[in-house]
Amino acid sequence: TNSDGLLAVLGAAQVLRAMQDGSAKRRVKESIDSIEEWIENGEQSVAFRVASWRDQRAAQGDLKIAMENDSNFMAFISNKAISNRKKFAKQLRDAAAVTDFDSLQFLKAIHTVLGQMNSPCLRLELLQYILGLDNRYSVAHVTRSVELAATCLNLSETDVFNDEEKKLLE
């Protein structure tokens, strides 16, 4: 379905699952390796960057990747795509270094990354992968899913149950 509200709820559930089962942690490490490999290749070859742009454009059309904007050709010809991806890799490394992947801190780090994205392509795909989301999730959808997951994590038993209700459950 393409309903925004339902996507946010389903996305939040998947985000929480990826955090709980450890797949987010594993996927962050894989994503850092992947983006660093792209950066290394991109720094060595304009042809690689042009091919990457062309592949990204094809993926946006063929897979119906949820993007607000098309990939900017000039970002790939100049060093903008490289600098964006270097920044993204650093943000992922920093998030991985300072957080347990089952905590609110992880979601805050991801939310910060999302807030700084303008026209992400590979970066969005990697965040979708890390969080276990499919290509229907645009930056806005991923953001809403992360926010909802954070709200769910932030709820404590004291917020949900009063002391009398807790005793009845024991």
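Remember, it's a predicted structure, so these values are computed and weren't measured experimentally.

Caption draft 1: Spotlight on a nonpolar patch on the surface. On the surface, a cluster of nonpolar side chains totalling about 240 Å² of accessible area is made up of L6, V9 and L10. Tracing the chain through its elements places L10 in helix α1 (residues 4-20). Overall, the relative accessible area of 43% leaves L10 in the partly exposed class.

Caption draft 2: Highlighting the pattern of salt bridges. Counted by the stated rule, this structure contains five salt bridges. Salt-bridge contacts for E36 lead to R93; the nearest nitrogen and oxygen are separated by 2.3 Å. Taken as a pair, E36 in helix α2 (residues 23-44) and R93 in helix α5 (residues 80-98) lie far apart in primary sequence, 57 residues in all. E36 sits in the partly exposed class, given a relative accessible area of 32%. The exposure class assigned to R93 is partly exposed, which follows from its relative accessible area of 36%. Two residues, K86 and E43, come together in a salt bridge whose shortest N-O distance is 2.6 Å.

Caption draft 3: Structural context of the packing of aromatic side chains. Considering all chains together, one arrives at two aromatic pairs under this definition. Between W38 and F48, the aromatic rings sit 5.6 Å apart at their centres with planes inclined by 55°, giving tilted as the arrangement. Of this pair, W38 sits in helix α2 while F48 sits in helix α3 (residues 46-62), and the two are ten residues apart along the sequence. F48 sits in the partly exposed class, given a relative accessible area of 27%. Here the aromatic rings of W38 and F76 are separated by 6.3 Å at their centres, their planes lie at 85°, and the arrangement is edge-to-face. Of the two residues, W38 sits in helix α2 while F76 sits in helix α4 (residues 73-77), which places them 38 residues apart along the sequence. The two residues W38 and F76 agree in class, both being buried. Among the aromatic residues, those joined into a ring-pair cluster are W38, F48 and F76. One residue, R27, lies across the ring of Y129, its end atom 5.2 Å from the ring centre. Stacked on the ring of W38, the Lys or Arg R85 has its end atom at 4.0 Å from the ring centre.

Caption draft 4: How the structure looks around helix α6 (residues 104-115). A rise of 1.5 Å per residue sets the reference length of α6, with its twelve residues, at 16 Å; its end C-alpha atoms lie 16 Å apart and thus fit the reference within 8%. Looking at α6, one finds that the buried residues are F106, L107, I110, V113 and L114. For α6, the buried positions fall inside an angular range of 120° around the axis, keeping them on one side. Exposed residues pointing more than 90 degrees away from the buried face of α6 are listed as K108 and G115. On its buried side, α6 packs onto α1, α2, α5, α7 (122-131) and α8 (139-154).

Criteria and cut-off values
- Residues numbered from 1 in each chain as written.
- Predicted model: local features only at pLDDT ≥ 70, side-chain atom pairs only at ≥ 80, totals over all residues.
- Heavy atoms only, no water.
- Patch = residues over 30% accessible without salt bridge, like charges linked within 9 Å, V, L, I, M, F, W, Y side chains within 5 Å.
- Areas by Shrake-Rupley, 256 points an atom, 1.4 Å probe, with all protein chains shown as cover.
- Salt bridge = Lys/Arg side-chain N within 4 Å of Asp/Glu carboxyl O.
- Helix = DSSP H or I, 4+ residues; strand = E, 2+ residues; numbered from the N terminus.
- Buried < 20%, exposed > 50% of the residue type's maximum accessible area, 1.4 Å probe, protein only.
- Phe/Tyr/Trp six-rings, centres within 6.5 Å; stacked < 30°, edge-to-face > 60°.
- Lys NZ or Arg CZ within 6 Å of the ring centre and 35° of its normal.
- Expected span 1.5 Å × (residues − 1).
- Arc of directions from axis to C-beta.
- Contact = heavy atoms within 4.5 Å.

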